[in-house]
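# Analysis of the macromolecular model
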Amino acid sequence: GGGGGGGAPSGRNKHMGESSTIIGTCSSGVTGMTDRDILAVINPPASERERTALVAAGNTILPSQSAWRMQTPIGKKIASGVRANFFAVNPTSKSGMIVNYHVHIYKVDRTGAVETVDVAATEDTRVTTSLLLRLKKKHPEWNVGNFAYDNRSSLYTSNKLPFTAKNDRNEPFFQEIVGISTIDEGESMKKRYSIHLTEIAVLYLPTTPAGWADLDAVVIRALDTAVFSFARWEQVLDNPTYFLVGSKIFYAHSDSFPLAPSYIAKRGFYSSLKSCMSGLCLVVDMSVNCFMASGDMPELMFRSANYRNFEDFYRDAERGLRPDSIAKINKVIKNAKIKLNHLGHWRKARELGPPSNSKASEFDYEGKRVTVAAYFEIMSKTKPEYSKCLKNGKLKYPALPTINIGSLKKPVLVPSELISVPGGQSRSQVMDGEMTALMIRHAAVRPEERMKFISEGDSATTTGVVNLIRNDSTAADFGLSKTSLEPMMVPACVLPQAKLRYAGDKMVDPGFNGTWNIDRPQMKFVKAPPAPNKDGSYTYGVLVVGNGPPPGPWKERVAEFTASLEKDGLGTGVKLHRGGDPMPSNDR
């Protein structure tokens, strides 16, 4: 927010008063306070929340902001140090600067009028990237090297673009209407946008090592955009070499493994630049991500509905798919990017429609009611783009459901056999427990295997991410091509395993077992928190969650679990009391 009325100052004073009370109380002898006293300070009753007047002047001690380090090293020092996933960058920018442009994109309607809503942050990144590529192609005089574009609102160059116009703030400015690229590499006259580029900052790069060790976050962001620029520009392609997910890239043809019938996982690279005491460093790590399975839409459909093969699926489609099968498919394909093979266009899938040959798919065409299957047969007789996708001028699987790419009120139905699903569509939000466990299993590798993947890639990529950046022309323009191939060595030591201290200074050393042994007698907590019940117990409940009703003798299993839980609690000085019967839930 930005200042304002008289309420802001008094609100700030109240907050500072509460903070001061807590600091002052805790710093003036917290060891003499009971647990209940401390809780009363942290979370007082509503009537006592306003305590500004109770804070005595000079009765507060603010914590020190100075750095703190262990005076006596702990653990066994590793003489040679360890390899970190940091790679030193030797910046070699020729121009010594980065120019930042703000990108505004406005739709142009059919009448040629420019709309007022900036869609740079909301439009499909394939569209925004395509527009910037076409704009650069139309202006060969912009020969200032490669662009680094974040696919949204920020464009960076290593030299200034030769703009002659200026806006009302006296900033260099450029404006032009551009149509999206067509299949034949032409420019569309139907779908056009007005592109506005405004020079908003010139970022000068440091000239000393100390400057690179304390780099401004704005410069870091600009350089980060240039790191994977080669993958960002590829997002306009139907079959890119790399999939881009935020600051991570994944080789499109690398090995993958199934997480669920419609989802796969891939290993890739996370990368980010950091300004450290040793200078500018490239931090690289292995990353694993969930993607929607790519390929022909009919294959994705039968896998989503948990059919073993397409033949069984199509047999049921001819009779009419069950509602649960339709729901499973819709859950997977909703809002997925799809490609219309006969037109080459990309669209978003909304939901399944009726079969292509059903009466429910009929619509008016040239004064007659025709099904979707009949319409495509008519089109194949006069339009080559339709005939090349329809063998003998007819659909091969007319009983398959169509895909609605329109809306519920105005559906646009396309036969599913003429649709393919592009790869690289991240689906991390669909992960359930089982998929997450499989993902972790794929991500958890030994340190030497992880470092080898970072440095060399896998059998499919044949190169590591550092090599990709070193050989990229955009990274070179921004001075990143001299990134070291060798990971940095850092001093390190092996720390002793953690120990747990109980009441009476009794110490438990778990060794390397990975578990605390709480079955030993008299191993109680040093000081337990105040119990809410009069008898000193804590009330808890049991909720049984699963896919459907609990199976088998679940009550006996829960009874065994609660008995073991209460026994372990008593062993550590915490008395537990079950508040009621276990509550089964049929919803996951």
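Residues numbered from 1 in each chain as written. Predicted model: local features only at pLDDT ≥ 70, side-chain atom pairs only at ≥ 80, totals over all residues. Heavy atoms only, no water.

### Thoughts on the overall build of the protein
- Looking only at helices and strands, the protein features 16 helices and 30 strands.
- Only carbon and sulfur atoms are counted for the fraction: they give 54% of the accessible area of the protein, which is about 34,300 Å². (Helix = DSSP H or I, 4+ residues; strand = E, 2+ residues; numbered from the N terminus. Areas by Shrake-Rupley, 256 points an atom, 1.4 Å probe, with all protein chains shown as cover.)

### A word on the pairing of strand β10 (residues 242-245)
- Side chains Y242 and L244 of β10 all project onto a buried face; the interleaved residues F243 and V245 project onto the opposite face, where all are buried too.
- Sheet topology note: the β10/strand β11 (residues 248-251) ladder contains four bridges and is antiparallel. Bridging from a neighbouring strand, L244 pairs with I249 of β11.
- Once β10 ends, the chain turns through two residues before running back antiparallel as β11, passing G246 with a positive phi of about 65°. (Buried < 20%, exposed > 50% of the residue type's maximum accessible area, 1.4 Å probe, protein only. Pairing = 2+ DSSP bridges.)

### Some details on the packing of aromatic side chains
- This structure, assessed with the given rule, holds 21 aromatic pairs.
- Here F302 and F310 contribute two aromatic rings whose centre-to-centre distance is 6.3 Å and whose plane-to-plane angle is 65°, an arrangement assigned as edge-to-face.
- A relative accessible area of 15% places F310 in the buried class.
- Ring centres 5.2 Å apart and planes at 85° place the aromatic pair Y365 and Y375 in the edge-to-face group. With a gap of ten residues between them, Y365 in strand β19 (residues 363-365) and Y375 in helix α10 (residues 372-380) connect regions that are remote in the sequence. (Phe/Tyr/Trp six-rings, centres within 6.5 Å; stacked < 30°, edge-to-face > 60°.)

### Observations regarding a nonpolar patch on the surface
- On the surface, L543, V545 and M583 cluster together into a nonpolar patch covering about 300 Å² of accessible area.
- Position of L543 relative to the elements: it lies in strand β28 (residues 543-545).
- Judged by its relative accessible area of 55%, L543 falls in the exposed class. (Patch = residues over 30% accessible without salt bridge, like charges linked within 9 Å, V, L, I, M, F, W, Y side chains within 5 Å. Salt bridge = Lys/Arg side-chain N within 4 Å of Asp/Glu carboxyl O.)

### Observations regarding the pattern of salt bridges
- If you walk through the whole model with that rule in mind, you get 18 salt bridges.
- Measuring nitrogen to oxygen at the nearest pair gives 3.3 Å for the salt bridge that ties E171 to R169.
- Judged by relative accessible area, E171 falls into the buried class, the value being 18%.
- The exposure class of R169 is exposed, given its relative accessible area of 57%.
- In this structure, R315 engages D312 in a salt bridge whose closest nitrogen and oxygen atoms are separated by 2.8 Å. One end of the pair, R315, and the other, D312, are both in helix α8 (residues 310-319), three residues apart, so they sit about a helical turn from each other.
- For R315, a relative accessible area of 41% corresponds to the partly exposed category.

### Considering the confidence of the model for the protein
- On average, residues of the protein score 85 in pLDDT, and 83% of them are at 70 or above.
- Taken as a whole, residues 1-31 scores under 50 in pLDDT and shows 21 contacts with residues more than four places along the chain or in a different chain.
- For the stretch residues 49-65, pLDDT sits under 50, and the model shows 21 contacts to residues farther than four places along the chain or on other chains. (pLDDT = per-residue confidence, 0-100. Contact = heavy atoms within 4.5 Å.)

### Things to note about the packing of helix α7 (residues 297-304) against helix α9 (residues 323-333)
- The interhelical angle for the contact between α7 and α9, taken along N-to-C directions, is 125°, at an axis separation of 8 Å. By the angle between their directions, the pair α7 and α9 is classed as oblique. Seen along the crossing, α7 lies across α9 with a hand that is right-handed. Two secondary-structure elements touch here, α7 through M297, L300, M301 and S304 and α9 through K328, I329, V332 and I333. (Axes fitted to C-alpha atoms, helices over the stretch in contact; angles between N-to-C directions. Parallel < 35°, antiparallel > 145°, perpendicular 65-115°, else oblique. Left-handed = near helix turned anticlockwise from the far one by under 90°.)

### As for the sheet that holds strand β15 (residues 295-296)
- Taken in spatial order, the four strands line up as β15-β23-β16-β17 in an open sheet, and their pairing is antiparallel. Strand pairing shows two members of the sheet lacking a second neighbour, β15 and β17 (346-348), which therefore form its edges.
- Strand direction decides the pairing type here: strand β16 (residues 337-340) and β17, joined by three bridges, are antiparallel. Residue I338 lies in a different strand from β17, and its bridge partner there is R347.

### Concerning the nonpolar core
- Counting 54 residues, the largest nonpolar core has M297, L300, F313, I329, I338, F376 and I403 as the members making the most contacts within it.
- The element best represented in this core is α10, accounting for five residues.
- Ignoring anything within four residues of it in the chain, the contact list for F313 reads M301, F302, A305, Y307, L321, I329 and L400.
- Core analysis: the second largest hydrophobic core is formed by 38 residues, L203, A222, L280 and L282 among them. (Core = buried A, V, L, I, M, F, W, Y, C linked by side-chain atoms within 4.5 Å.)

### Considerations on helix α16 (residues 554-571)
- Look at α16: 26 Å from first C-alpha to last across 18 residues, which is about the 26 Å you get at 1.5 Å a residue.
- Those residues of α16 not exposed but buried are W554, V558, T562 and G569. Taken down its axis, α16 places every buried residue within 65° of arc, on the same side. Across α16 from its buried face, at more than 90 degrees, point the exposed residues R557, E560, K567 and L570.
- Check the buried side of α16 and you find it contacts β27 (537-540), β28, β29 (575-578) and β30 (583-585).
- Backbone geometry just after α16 places G573 at a positive phi near 90°. (Expected span 1.5 Å × (residues − 1). Arc of directions from axis to C-beta.)

### Notes on the environment of T207
- Its location among the elements puts T207 in the loop between β9 (187-204) and α4 (209-213).
- Along the primary structure T207 and P91 are separated by 116 residues, whereas in three dimensions their C-alpha atoms are 9.6 Å apart.

### Some words on the sheet that holds strand β21 (residues 401-404)
- Read from one edge to the other, the open sheet built from three strands follows the order β18-β21-β22, with strand pairing classed as antiparallel. Looking at which strands have only one partner, the edges of the open sheet turn out to be β18 (351-355) and β22 (413-415). Within this sheet the neighbouring strands show an average axis-to-axis angle of 45°, counted without direction.
- Of the pairings in the sheet, the one linking β21 to β22 comprises three bridges and is antiparallel in character. Bridging across to β22, I403 finds its partner in V414.

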